[in-house]
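Observations on the model geometry
Here are the chains, one letter per residue:
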Amino acid sequence: NSGNEWFGEFHNKKKDGTLYWESASISPILNEKGIITHYIAIKEDITERKIIEKQLIEAKEKAEESDRLKLAFLANMSHEIRTPLSAVIGFSDLLLKTQLSELQTQYLGIIHNSANSLLDLLNDVLDFSKIEAGKLEINLEKVDIVELLEQAADIINYKVEQKNLELILNFSSEMMLRLFFIFL
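Anyway, here's the lowdown on the structure attached to this text. (Residues numbered from 1 in each chain as written. Predicted model: local features only at pLDDT ≥ 70, side-chain atom pairs only at ≥ 80, totals over all residues. Heavy atoms only, no water.)

1. Observations regarding the sheet that holds strand β1 (residues 6-13)
Pairing within the open sheet is antiparallel, and its three strands lie in the order β1-β2-β3. Among the strands making up the open sheet, the edge pair consists of β1 and β3 (36-45). The sheet shows a mean angle of 35° between the axes of neighbouring strands, direction not considered. The pairing of β1 with strand β2 (residues 19-30) spans eight bridges and is classified as antiparallel. Its bridge partner lying in β2, N12 is registered against Y20. Against the sheet, helix α1 (residues 47-96) engages β1, β2 and β3, with an angle of about 125° to β2. (Pairing = 2+ DSSP bridges. Helix = DSSP H or I, 4+ residues; strand = E, 2+ residues; numbered from the N terminus. Axes fitted to C-alpha atoms, helices over the stretch in contact; angles between N-to-C directions. Contact = heavy atoms within 4.5 Å.)

2. Some remarks on helix α3 (residues 145-162)
Taking 1.5 Å per residue as the helical rise, α3 with its 18 residues ought to reach 26 Å, and the 26 Å between its terminal C-alpha atoms agrees with that figure. Inspection of α3 places V146, L149, Q151, A153, N157 and V160 among the buried residues, and these make up the whole buried set. Phi turns positive, to about 55°, at N164, one or two residues after α3. (Expected span 1.5 Å × (residues − 1). Buried < 20%, exposed > 50% of the residue type's maximum accessible area, 1.4 Å probe, protein only.)

Set out below in structure tokens:
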């Protein structure tokens, strides 16, 4: 030893063979000539603290693994959902370009818009997982709020009609962004 104080943690063994953790500080005792004659050690049993530290590390690793599994699940489900949803969007788009009655065009437009809304919702769910992972990138886009509200109304209008109600979007001239739902 160079005569310096030593601090550390180590495994130790009791007389009965049981292992435990100790924290120790060992200091040299010097005589008047500066020669080490003895050492003094102050020890503390830190087994309980080490057990808690180990449990915390294991819990952290388990949470990180859970996050990795969740992200992998979301990525897999995203692929599994996007594939048929892309077919619905693509074929409804193709059908919209064919000769249809006005009612068929309206219904198909609702199907097309609903599928796109589902795709947007799926992307939003994935964005939440990206937020948790710290990997979200924000893109600013212009949105026609009136068109967006009309699409939302189209999506729920079928249920409204089933209940013999009427859904009316009323955009006031002063406040085009305010939406009033009037059920008659």
